[in-house]
Structure formats: C-alpha cells, structure tokens
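Residues per chain, in single letters:
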Amino acid sequence: MFGTRDDVLQWARSVVHENRFVAVIVRSDTNNGSRGRTSFVLIGCERSGKYRSRKKDFVRRDAESRKCECPFKLRGKLVVGWQGWMVKLICGSHNNELAKSLVGHPYIGRLTKDEKTIIAEMKKSMVKPRNILLTLKEHNDNSCTTIEQIYNARSVYRSSIRGSDTEMQHLIKLLEWDQYIHWHRLKDEDVVCDIFWCHPNAVKLCNACNLVFLIDSTYKQIGTDSHCLTLLV
C-alpha cells in the first residue's frame, strides 16, 4: 500500500531501473467527481505500443522505432475510501532483451531542475563540460547523464540567454554592453561579412607599446569561407 500516486511512480521506477529497463506512464486518470472516472495509473515498459508517424504517408527508412509492443504492465489504483494506492502486476514479462546498462539512456539521463541550475552556474564560470559532468556525478552516484547531455544543456542555456536574437545580434549586444570598440560591414543589408572588435585595455596597450605588433592570421573553411585575425600587442 502506497500513500500517494507519486509514491507508486517512485517505487515502480526504482524497481525497474534495478532490472535494467525503463518504465513510463501509459495512461492515467484522476477522480474529479465525474461519473465513471477513477484515480489510476497504468505503467508500462518504454517499448510498449507501436510507433505512430506524426505525418501521413511518411515512411521511416533509415531508423527503427524503440516500440515493439512490450506487454509489461503495472496498474496503480486508489483504494476506495482514499486509504492509499494499491499496485497490481498485470504482466511481468518482456518481449525484448533488457539493456546491459542504462548509462546514456535519454530518459534515465534526464537532468533535474537542480542539475540544470548547476550547469548554468558552472557555464557562467567557464567550467569545461567534462568537469561539469564530474561534479554532477559527485552529487549523485547513480547519475546516468552523459557528456552529450551536458553539451545539450549548455546549448539550451545559451539559447535562453540569447532569446529571439541571432548569434551575431547577441554578439553585437554584448560588445556594446561591455563597451568594446567594434566595427562591422554588411552585405546585402542583413549579412555580416566582416567584423572587428577590440577591448578598451588593448587600445591602451597599443598606445603605450606601438612599436611591435604580432599578427596571427587563421583561415578555416566550414561550409563557407571565414577569416579570423588576431592582433597581439
């Protein structure tokens, strides 16, 4: 007997994780006083059911679905009189092989709200992703988060800061915010073809030591031609 619906879900997920598979909510309902509605939760294997395409006449050619109609089912139901929740095993078998390890699983490795906050704070401090991952695993020995999920979380955080601006628009805003000396040239009125910026302290150094300049010019091609010019004083 369990006290709440969340207690049922927490227990079920901890048990299935020990057995190396993932459980998800297949269907649930809450008794709100309407006729015929009861409080229950149906828990199944993540590979239960069939894949349903969101687009009509769409054929998956290069990928396979994780869905394989796995029959595993657990049902949690609120006991009459609101005395707690009861769990019943409907089917305890699987039609697929269990995973050898859950490390790297997209569901198990999901970041909590607190972990996302830690990543954001460490990103502000310029901490490297691998060190962020080590910190998360120090806080949670059972963490199955991978380095790829850390990179994705950092990318989401950067996008949230940038808002609706493009990366170039956000860069120019930061340059203006920090009072950098900057200049850029546009092509077709909306494409930046050249950009230059310089820290105010670098200008002071240039004025004080203007006899020798070291120029590091780098050329790199990724899809389109791009140039990077670094001036060392």
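Below, the discussion takes up the overall build of the protein. Each helix and strand in the protein was counted, giving 6 helices and 8 strands. Moving toward the C terminus, one meets the helices and strands of the protein in the order α-β-β-β-β-α-α-α-α-β-β-α-β-β. Here the protein holds 233 residues, and the buried ones make up 24% of them. Counting contacts in the protein only where the partners sit at least 6 residues apart, residues at least 24 apart contribute 41% of the total. Of the roughly 18,000 Å² that the protein leaves accessible, carbon and sulfur atoms contribute 52%.

Turning to the environment of Ser-39, a few remarks are in order. Relative to the helices and strands, Ser-39 is located in the loop between β1 (23-29) and β2 (40-45). Of the residues examined, Ser-39 reaches a relative accessible area of 7% and is grouped as buried. Between the C-alpha atom of Ser-39 and that of Val-79, which follows or precedes it by 40 residues, the distance is 8.9 Å. Among all residues touching Ser-39, those that are not within four sequence positions of it are Asp-29, Thr-30, Asn-31, Gly-76, Lys-77, Leu-78 and Trp-85.

A word on the nonpolar core. Val-41, Ile-43 and Phe-72 are the most contacted members of the largest nonpolar core, which totals 14 residues. Of all the secondary-structure elements, those providing two or more residues to this core are α1 (5-18), β2 and β3 (73-78). Apart from residues no more than four positions distant in its own chain, Phe-72 is found in contact with Phe-21, Ile-43, Gly-44, Cys-45, Leu-89, Cys-91, Gly-92, Ser-93 and His-94. Residues Ile-119, Ile-132, Leu-136 and Ile-150 belong to the second largest nonpolar core, which totals 8 residues.

Attention shifts here to the sheet that holds β1. Ordered by their spatial adjacency, 4 strands build an open sheet running β1-β2-β3-β4, and the pairing between neighbours is antiparallel. Each edge of the sheet is formed by a strand with only one pairing partner; in this case those strands are β1 and β4 (85-91). Direction aside, the axes of adjacent strands within the sheet are offset by 20° on average. Where β2 and β3 come together, 5 bridges link them in antiparallel fashion. Within the sheet, the bridge partner assigned to Ile-43 lies in β3 and is Leu-74.

Moving on to helix α4 (residues 147-162). Taking 1.5 Å per residue, 16 residues should reach 22 Å; α4 reaches 23 Å between its end C-alpha atoms and fits that length. Within α4 the residues assigned to the buried category are Gln-149, Ile-150, Ala-153, Arg-154 and Tyr-157. Projected onto a plane normal to the axis of α4, the buried residues spread over an arc of 140° and lie on a single side. Those residues of α4 that are exposed and angled more than 90 degrees off the buried face are Glu-148 and Val-156. The inward-facing, buried residues of α4 contact α2 (113-124) and α3 (129-139). With its phi angle positive at about 70°, Gly-163 sits one or two positions after the end of α4.

Right, let's get into the confidence of the model for the protein. If pLDDT is low for a region, its predicted coordinates should not be looked at in detail. The predicted model of the protein averages 80 in pLDDT, with 83% of residues at 70 or higher. Low confidence marks residues 222-227, where pLDDT is under 50. Its contacts with residues over four positions away, or in another chain, come to 6 contacts.

Attention shifts here to the packing of aromatic side chains. Using the criterion set out here, one finds 1 aromatic pair in the structure. Ring centres of Phe-21 and Phe-72 lie 5.1 Å apart, and the angle between their planes is 75°; this geometry places the pair in the edge-to-face category. Of this pair, Phe-21 sits in the loop between α1 and β1 while Phe-72 sits in the loop between β2 and β3; the two residues are 51 residues apart in sequence, bridging distant segments of the chain. A relative accessible area of 8% means that Phe-72 is categorised as buried. When the ring centre of Phe-40 is taken as origin, the NZ or CZ atom of Arg-75, which lies over that ring, is 4.5 Å away.

Here, the word disulfide means a covalent bond between the sulfur atoms of two cysteines. Under the defined criterion, the tally for this structure stands at 0 disulfides. Considering cysteine sulfurs only, Cys-206 is the nearest to Cys-198, which forms no disulfide, with 7.4 Å between them. According to the relative accessible area criterion, Cys-198 is buried, its value standing at 19%.

Let us look at the environment of Ile-118. Looking at where Ile-118 falls in the secondary structure, it is placed in helix α2. In this structure Ile-118 comes out as partly exposed when scored by relative accessible area, which is 25%. Separated by 17 residues in sequence, Ile-118 and Thr-135 have C-alpha atoms that sit 8.9 Å apart.

How each quantity is defined
- Residues numbered from 1 in each chain as written.
- Predicted model: local features only at pLDDT ≥ 70, side-chain atom pairs only at ≥ 80, totals over all residues.
- Heavy atoms only, no water.
- Helix = DSSP H or I, 4+ residues; strand = E, 2+ residues; numbered from the N terminus.
- Buried < 20%, exposed > 50% of the residue type's maximum accessible area, 1.4 Å probe, protein only.
- Contact = heavy atoms within 4.5 Å.
- Areas by Shrake-Rupley, 256 points an atom, 1.4 Å probe, with all protein chains shown as cover.
- Core = buried A, V, L, I, M, F, W, Y, C linked by side-chain atoms within 4.5 Å.
- Pairing = 2+ DSSP bridges.
- Axes fitted to C-alpha atoms, helices over the stretch in contact; angles between N-to-C directions.
- Expected span 1.5 Å × (residues − 1).
- Arc of directions from axis to C-beta.
- pLDDT = per-residue confidence, 0-100.
- Phe/Tyr/Trp six-rings, centres within 6.5 Å; stacked < 30°, edge-to-face > 60°.
- Lys NZ or Arg CZ within 6 Å of the ring centre and 35° of its normal.
- Disulfide = S-S within 2.5 Å.

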